[in-house]
Amino acid sequence: EVQLVQSGAEVKKPGESLKISCKGSGYSFTSYWIGWVRQMPGKGLEWMGIIFPGDSETRYSPSFRGQVTMSADKSIRTAYLQWSSLKASDSAMYYCARPYRSGSYERGGFDLWGQGTMVTVSS
Amino acid sequence: DIQMAQSPSSLSASVGDRVTITCRTSQSIASYLNWYQQKPGKAPKLLISVASSLQSGVPSRFSGSGSGTDFTLTISSLQPEDFATYYCQQSYNTPWTFGQGTKVEIK
């Protein structure tokens, strides 16, 4: 089955670090970009950035550049999103998603989504 | 960034109604506009890509139209399973940007 499976919910304190994961299966993991989308409680969707697991090339939204780091380990078919110092405003659901075209994300859309990872940051 | 103006932000409709949601972009994006459906507690689902291309498995009561800066999602006959929030999204430029969402509720 073609799917993206994300790591479980996290509860952290401000200032802590965090790395969440997104594991792809059922397709050629190194042929498709993987994007990350934030959804704050009760709010809309925000595109954070995208990574190509084949060579770890990244594109960040200016709103998220320097706030998070995307990475990937193609040997275990997993993409990651990490924070070095969490803030309460990072509390949100985070989705990974795959564009519908292999090899390119440009002018595309996300047709495969993970189930989401809920991150709660609270003292 | 390309700004997205989606309207209405919410609507109430009955089963069988025809529903139209609009999305306007701050600059021309050709046809690089996608529509998603999101149900509570679930990930978004891609319904329509490049303005009017229905994704596999999506019922034909959903349709999309438009180009340039003005786009429309139409549900021809609303069904109980269609009550959800709908988002437009442009992929003409990065960062991809989404509309604010339209919540379709039961009247």
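In what follows, the structure referred to is the one given above.
Please read all numbers here as calculations on a predicted model, not as lab measurements. Residue positions are given per chain, counted from 1 along the sequence in the order it is written. Lettering for chains starts from A, numbering for ligands starts from 1, and both go in the order in which the items are written. Reporting in this predicted model follows two pLDDT cut-offs: at least 70 for local features of residues, and 80 or more for side-chain atom pairs to be given and counted; totals over whole chains, interfaces and linings ignore these cut-offs and use all residues. Think of the side-chain values as coming from all heavy atoms in the structure, minus any hydrogens and water.

Caption draft 1: Just the nonpolar core, in detail. Buried Ala, Val, Leu, Ile, Met, Phe, Trp, Tyr and Cys residues that are joined via side-chain atoms within 4.5 Å together make up what is termed a nonpolar core. The buried label applies to any residue whose accessible area, calculated with a 1.4 Å probe on protein chains only, is under 20% of its type's maximum; exposed applies above 50%, and partly exposed to all values in between. Judged by nonpolar contacts, the single largest core of 26 residues is most densely connected at Ile20, Ile34, Trp36, Leu81, Trp83 and Tyr94 of chain A. Of all elements in the fold, only strand 3 (18-25), strand 4 (34-39), strand 5 (45-52), strand 7 (69-73), strand 8 (78-83), strand 9 (92-99) and strand 11 (117-121) of chain A reach the threshold of two or more residues within this core. In what follows, residue pairs with any heavy atoms lying within 4.5 Å of each other are defined as contacts. Here Trp83 of chain A is in contact with Ser17, Leu18, Ile20, Gln67, Val68, Asp90 and Tyr94 of chain A, once residues within four sequence places are set aside. Listed in part, the 24 residues of the second largest apolar core include Val19, Ile75, Tyr86 and Val104 of chain B. Starting at the N terminus, helices and strands are each numbered in turn, a helix being any DSSP run of H or I of at least four residues and a strand any DSSP run of E of at least two.

Caption draft 2: Spatial organisation of the pairing of strand 8 of chain A. Residues and elements named next belong to chain A. For strand 8, the tally of buried residues reaches five of six residues, placing the bulk of the element in the interior. By this definition, two strands are paired if DSSP reports at least two bridges between them. The pairing of strand 3 with strand 8 spans six bridges and is classified as antiparallel. Its bridge partner being in strand 8, Ser21 is matched across the sheet by Tyr80. As paired elements, strand 7 and strand 8 share five bridges and run antiparallel to each other. If you follow Asp73 over to strand 8, its bridge partner there is Thr78.

Caption draft 3: Structural view of the interface of chain A and chain B. The partner chain B presents 19 residues to the 19 residues of chain A that form the contact. Simply put, the buried area is the total loss of 1.4 Å probe accessible area from both parts when two parts are fitted together. In this assembly, chain A packs against chain B so that about 1,700 Å² is buried in total across both faces, 63% of it on carbon and sulfur atoms. The largest per-residue losses of area from chain A upon contact with chain B belong to Leu45, Trp47 and Arg107 of chain A, which jointly make up 40% of the total buried on that side. Salt bridges are defined as contacts in which a side-chain nitrogen from Lys or Arg sits within 4 Å of a carboxyl oxygen from Asp or Glu. There are zero salt bridges connecting chain A and chain B. Identification of polar contacts relies on pairs of N or O atoms within 3.5 Å, with a donor-acceptor requirement for protein atoms, meaning one able to donate a hydrogen and the other able to accept it, and with residues adjacent in sequence counted only if both atoms are side-chain atoms. Between chain A and chain B we count nine residue pairs in polar contact (both at pLDDT 80 or more) in total. Listed by contribution, the elements that provide at least two residues to the side of chain A that touches chain B are strand 4, strand 5 and strand 10 (110-113) of chain A. Residues were grouped as follows: Ala, Val, Leu, Ile, Met, Phe, Trp, Tyr, Cys and Pro as nonpolar; Asp, Glu, Lys and Arg as charged; and all remaining residues, including Gly, as polar. Residue composition of the side of chain A that touches chain B, by class: nine nonpolar, six polar and four charged.

Caption draft 4: Expanded view of the layout of surface pockets. Here a cavity is any set of points on a 1 Å grid over the protein atoms alone where a 1.4 Å probe fits but cannot get out, and a pocket is any open set with protein on both sides within 12 Å along at least 5 of 7 lines; a residue lines the site when it has an atom within 4 Å of a point. Grid points are joined across faces, edges and corners, and a volume is the space filled by probe spheres set on the points. Computed from the structure, the largest pocket encloses a volume of approximately 530 Å³. Contributing to the lining of the largest pocket are 25 residues, with Gln39 and Lys43 of chain A together with Gln38, Thr85 and Tyr87 of chain B lying nearest its centre. Among the secondary structure elements, those contributing two or more residues to the lining of the largest pocket are strand 9 of chain A together with strand 9 (85-90) and strand 11 (102-106) of chain B. The element best represented in the lining of the largest pocket is strand 11 of chain B, accounting for four residues. Grouping the constituent residues of the lining of the largest pocket by class yields 10 nonpolar, 10 polar and five charged.

Caption draft 5: Representation of the pattern of salt bridges in the model. For the coordinates displayed, the defined rule picks out seven salt bridges over all chains. For the salt bridge of Arg59 of chain A with Glu57 of chain A, the shortest nitrogen-to-oxygen distance reads 2.5 Å. Residue class for Arg59 of chain A comes out partly exposed when judged on its relative accessible area of 30%. By relative accessible area, which is 31% here, Glu57 of chain A ends up partly exposed. A salt bridge links Lys103 of chain B to Glu105 of chain B, with the nearest nitrogen and oxygen atoms 3.8 Å apart. Note on Lys103 of chain B: relative accessible area 44%, which makes it partly exposed. When its relative accessible area of 32% is taken as the criterion, Glu105 of chain B is described as partly exposed. Several salt bridges share partner residues, and in doing so they unite Arg61, Glu81 and Asp82 of chain B into one network.

Caption draft 6: Representation of the state of the cysteines in the model. All names here are of chain B. We call a pair of cysteine sulfur atoms a disulfide whenever their separation is within 2.5 Å. Taken as a whole and judged by the stated rule, the model has two disulfides over all chains. The residue that forms a disulfide with Cys23 is Cys88, at a sulfur-sulfur distance of 2.1 Å. Where Cys23 bonds to Cys88 through sulfur, the torsion about that S-S bond is close to 70 degrees, and the disulfide is right-handed. Placement of Cys23 in strand 3 (residues 19-25) and of Cys88 in strand 9 is noted, with a sequence separation of 65 residues between them. The residues Cys23 and Cys88 share a single accessibility class, namely buried.

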